[in-house]
Amino acid sequence: KEIKNKTIIRTMPFTKIKDTDFFSKITKNFKSDNIQNIFQLYQKSKLVIHVLNSTSLIETLNLNIPSIIIFSKDEKFSNIGTKVFKKLKKANIFFDDSKEAYKFVNKIWNNGVETWWNSSEVQKAVRYFNLNFSKKRTNVLSDLKKILEN
């Protein structure tokens with residue numbers, strides 16, 4: 001119940017929550033917010049749950065914000081994506097079964113989100129994801145210049 005009361009559903013920009021089949025069934029039970037700055041919501045969040053393979057997933061992992069990813073078993077990945085998501089699954093970041101994700105979130109919610117997220121296994125998996133999909137660049141202009149000169 002505490003998790004439910006603290007949950008905010010955020011859909012894609014400009015999507016009305018009632019227009020999204022999955023969310024329209026649960027809007028009576030959860031708050032929604034498509035107005036507030038997404039980065040402010042990330043910073044306020046104890047845990048971000050992603051159900052779409054989208055930019056927000058890359059953003060939270062790059063910012064090292066505790067995140068859970070739930071995709072269907074049918075989700076297709078590239079070869080490197082398969083390797084990365086296997087590591088994320090081993091660290092309990094990625095789930096292809098929503099019931100398993102639900103159980104895990106309930107297990108860590110009260111006292112374990114920070115402990116789990118800061119564990120060496122989770123941080124290694126996050127770094128591996130970022131290395132492959134979200135490298136932080138300190139000198140973007142210099143890097144771009146090198147790319148364009150080649």
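For the structure itself, consult the block above.
For clarity, every value in this text was computed on a predicted model and none was experimentally measured.

Peer 1: Is there a simple way to explain the sheet that holds strand β4 (residues 67–70) in this structure?
Peer 2: The strands making up a sheet associate through hydrogen bonds between their backbones, and the pairing can be parallel or antiparallel. If you walk across this open sheet you meet the 3 strands as β3-β4-β5, and the pairing is parallel. The open sheet has two edge strands with one neighbour each: β3 (48–50) and β5 (94–95).

Peer 1: Can you help me understand the packing of helix α5 (residues 79–90) against helix α8 (residues 120–133) in this one?
Peer 2: Between two packed helices, what matters for the description is the angle formed by their axes and the separation of those axes. Two numbers describe how α5 lies on α8: the axes approach to 8 Å, and their chain directions differ by 160°. Taken together, the axes of α5 and α8 lie roughly antiparallel to each other. Seen along the crossing, α5 lies across α8 with a hand that is left-handed. Residues I80, G81, K83, V84, F85, K87, L88 and K90 of α5 touch α8, and the partners they reach there are E121, A125, Y128, F129, N132 and F133. Tallied by class, residues from the contact of α5 with α8 come to 8 nonpolar, 2 polar and 4 charged.

Peer 1: Which parts of the structure should I look at to understand the packing of aromatic side chains?
Peer 2: Think of a pair of aromatic rings as described by two things: how far the centres are apart, and how the planes are tilted against each other in angle. Taken as a whole and judged by the stated rule, the model has 11 aromatic pairs. Ring geometry for F85 and F129: centres 6.3 Å apart, planes at 85°, overall edge-to-face. Taken together, the residues F85 in helix α5 and F129 in helix α8 connect sequence positions 44 residues apart. Here W116 and W117 contribute two aromatic rings whose centre-to-centre distance is 5.2 Å and whose plane-to-plane angle is 65°, an arrangement assigned as edge-to-face. Looking at W116, the relative accessible area reads 9%, which means it is buried. Exposure remark for W117: the relative accessible area of 1% places this residue in the buried category.

What counts and how
- Residues numbered from 1 in each chain as written.
- Predicted model: local features only at pLDDT ≥ 70, side-chain atom pairs only at ≥ 80, totals over all residues.
- Heavy atoms only, no water.
- Pairing = 2+ DSSP bridges.
- Helix = DSSP H or I, 4+ residues; strand = E, 2+ residues; numbered from the N terminus.
- Axes fitted to C-alpha atoms, helices over the stretch in contact; angles between N-to-C directions.
- Parallel < 35°, antiparallel > 145°, perpendicular 65-115°, else oblique.
- Left-handed = near helix turned anticlockwise from the far one by under 90°.
- Contact = heavy atoms within 4.5 Å.
- Nonpolar A, V, L, I, M, F, W, Y, C, P; charged D, E, K, R; others polar.
- Phe/Tyr/Trp six-rings, centres within 6.5 Å; stacked < 30°, edge-to-face > 60°.
- Buried < 20%, exposed > 50% of the residue type's maximum accessible area, 1.4 Å probe, protein only.

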